[in-house]
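One-letter residues, chain by chain:
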Amino acid sequence: MKDGRYIITALLLIALPLAVLAKGEADDWAKAQKKGTIQAYDEHLKNYPRGTYSEQAKREASRLSGPELQNSASRCDSLFPRVFYYSVSASGAPVVSGAAVSSSLDKAAGCMGMAKSIGKDDRPHAAAGLLDSRSSLVQMNVQGVGVREVINLDLVLLEIENEVIMDAYDETVKCKNQSAWVDTPKSEVFKCSRPHQEVQARMAQAMSDQLKYDFANVSSVPDENFRMGFWKEVNGMCRWLVLEQMGPAFGLYADAKNAMAREPNKNIAGKIEDVSIKLAGTGKPTGGFR
């Protein structure tokens, strides 16, 4: 009998915090519904990615995303990556036309500093949504969406991924300096820094895959101004510490050289050569930021 009471008590102790958590989620969902904005639904989804109301949150945010897509792109809004996600892939299929996708990406690709305007804690969330959207655009063959749109999306995404990698680096530095008075044991540094280094590795691989795709396909875009603009953007990105490491580590300079051979415009080919030289780097890559 005594054992039975212990079992009942143990079950109650388990059930109580679960009930509290469920009520907290329900209360937060009610608040999100009351606000009724994309940002509110997105915040709920970020806090409860596999929660009771996650699918409803996606549906509501997707429903609102269509009218907001062009506005958020025109304003270079920090919420644009999430609006784009809800417009294109959150519901399993785009809720906007291919023309709307193309127009919004043309605008967003010209935004300078959008990645820095996104809060540090929100950047991985923004990157995840755009990576999902990118996969959808490549696989779905949406009418009116092609190589140009994917490349424009990459220009937005690459900046965010670069910031995520540098944010992760900052966290690894903190891991090494947890105490101002004594050295942090190596085992603790490793345990603390490993998740951040894994983030760096995932983001770097994604950046490499995107650039390889862009380099291989940009010559198929008929608009010479677009192609020149793309290579100018990449040339500027070569100043990033991340690309200084990635260029030689992932062999991106070879992909740029192959792109140069495919480019019929001599002026654009000259810009690609500048890029390939910078991506070749100097010396041996150190293997990331640790």
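Nothing here was measured: the structure is a model prediction, and the numbers come from that model.

1. Quick look at the overall build of the protein chain
Thought 1: When helices and strands are counted, the protein chain shows 13 helices and zero strands.
Thought 2: When the elements of the protein chain are put in sequence order from the N terminus, they spell out α-α-α-α-α-α-α-α-α-α-α-α-α.
Thought 3: With 290 residues in all, the protein chain has 43% of them scored as buried.
Thought 4: A separation threshold of at least 6 residues defines the contact pool for the protein chain, and within that pool the share at least 24 residues apart is 73%.
Thought 5: Carbon and sulfur atoms provide 55% of the accessible area of the protein chain, an area that totals close to 15,500 Å².

2. Looking at the pattern of salt bridges
Thought 1: The final tally for this structure, using the stated rule, is 19 salt bridges.
Thought 2: Linking K46 and E43 is a salt bridge whose minimum nitrogen-to-oxygen distance equals 3.8 Å. In this pair, K46 and E43 both sit in helix 2 (residues 38–47), three residues apart, roughly one turn of the helix.
Thought 3: For K46, a relative accessible area of 27% corresponds to the partly exposed category.
Thought 4: A salt bridge links E60 to R63; its shortest N-O distance comes to 2.7 Å.

3. Re helix 3 (residues 54–74)
Thought 1: Its 21 residues place the ends of helix 3 28 Å apart at the C-alpha level, agreeing with the 30 Å of an ideal helix rising 1.5 Å per residue.
Thought 2: Of all the bends in helix 3, the greatest reaches close to 55° and is centred on G66; the proline P67 follows between one and four positions later.
Thought 3: Among the residues of helix 3, S54, A57, K58, A61, S62, S65, L69, S72 and A73 are the ones counted as buried.

4. Here we look at the environment of E224
Thought 1: Following the sequence through the fold, E224 ends up in helix 10 (residues 224–237).
Thought 2: For E224, a relative accessible area of 41% gives the class partly exposed.
Thought 3: With 41 residues separating them in the primary sequence, E224 and N265 have C-alpha atoms 7.9 Å apart.
Thought 4: When near neighbours in sequence (up to four residues on either side) are disregarded, E224 contacts N265 and I268.

5. Some details on the packing of helix 9 (residues 186–217) against helix 12 (residues 252–262)
Thought 1: As a packed pair, helix 9 and helix 12 sit with axes 8 Å apart at the nearest point and diverge in direction by 15°. Accordingly, the angle class assigned to the pair helix 9 and helix 12 is roughly parallel. Crossing handedness for the pair helix 9 and helix 12: left-handed. Residues S208, L211, K212, F215 and A216 of helix 9 touch helix 12, and the partners they reach there are L252, D255, A256, A259 and R262.

6. Section: the state of the cysteines
Thought 1: For the structure on display, the rule yields two disulfides.
Thought 2: A sulfur-sulfur distance of 2.1 Å marks the disulfide that ties C76 to C111. In this structure the cystine formed by C76 and C111 twists about its S-S bond by roughly -85°; its chirality is therefore left-handed. Of this pair, C76 sits in the loop between helix 3 and helix 4 (80–88) while C111 sits in the loop between helix 5 (98–109) and helix 6 (114–117), and the two are 35 residues apart along the sequence.
Thought 3: With a relative accessible area of 5%, C111 lands in the buried category.

7. Concerning the environment of R63
Thought 1: Residue position: R63 is located in helix 3.
Thought 2: The exposure class assigned to R63 is exposed, which follows from its relative accessible area of 54%.
Thought 3: With 33 residues separating them in the primary sequence, R63 and V96 have C-alpha atoms 10.0 Å apart.

8. Things to note about the packing of aromatic side chains
Thought 1: Applying the stated criterion across every chain yields a total of seven aromatic pairs.
Thought 2: For R134, the ring lying beneath its charged end belongs to Y213, and the centroid distance is 5.0 Å.

9. Points about the side chain of D42
Thought 1: Residue placement: D42 occurs in helix 2.
Thought 2: Within the local environment of D42, its side chain forms a polar contact with the side chain of H125, the two groups lying 3.1 Å apart.
Thought 3: Every residue in contact with D42, bar those within four places of it in the chain, is listed here: L79, R82, Y86 and H125.

10. Digging into the side chain of E149
Thought 1: Here E149 shows up in helix 8 (residues 147–176).
Thought 2: No salt bridge is formed by the buried E149, whose closest oppositely charged neighbour, R148, lies at an N-O distance of 5.3 Å.
Thought 3: Other than its neighbours up to four places away in sequence, E149 contacts S102, L105 and G144.

11. What about helix 4?
Thought 1: In terms of residue burial, helix 4 counts as a mostly covered element, since nine of its nine residues are buried.
Thought 2: All of the buried residues in helix 4 are F80, P81, R82, V83, F84, Y85, Y86, S87 and V88.

12. Some details on the environment of V145
Thought 1: Tracing the sequence through the fold places V145 in the loop between helix 7 (123–140) and helix 8.
Thought 2: Since its relative accessible area comes to 10%, V145 is described here as buried.
Thought 3: V145 sits 44 residues away from V101 along the chain, and the two C-alpha atoms are 7.4 Å apart.
Thought 4: With residues near it in sequence (within four places) discarded, V145 still touches G98, V101 and L137.

The rules we used
- Residues numbered from 1 in each chain as written.
- Predicted model: local features only at pLDDT ≥ 70, side-chain atom pairs only at ≥ 80, totals over all residues.
- Heavy atoms only, no water.
- Helix = DSSP H or I, 4+ residues; strand = E, 2+ residues; numbered from the N terminus.
- Buried < 20%, exposed > 50% of the residue type's maximum accessible area, 1.4 Å probe, protein only.
- Contact = heavy atoms within 4.5 Å.
- Areas by Shrake-Rupley, 256 points an atom, 1.4 Å probe, with all protein chains shown as cover.
- Salt bridge = Lys/Arg side-chain N within 4 Å of Asp/Glu carboxyl O.
- Expected span 1.5 Å × (residues − 1).
- Bend = angle between axes of the 7 residues up to and from the residue.
- Axes fitted to C-alpha atoms, helices over the stretch in contact; angles between N-to-C directions.
- Parallel < 35°, antiparallel > 145°, perpendicular 65-115°, else oblique.
- Left-handed = near helix turned anticlockwise from the far one by under 90°.
- Disulfide = S-S within 2.5 Å.
- Phe/Tyr/Trp six-rings, centres within 6.5 Å; stacked < 30°, edge-to-face > 60°.
- Lys NZ or Arg CZ within 6 Å of the ring centre and 35° of its normal.
- Polar contact = N/O pair within 3.5 Å; in protein donor to acceptor, adjacent residues only side chain to side chain.
- Lys, Arg positive; Asp, Glu negative; His and termini not counted.

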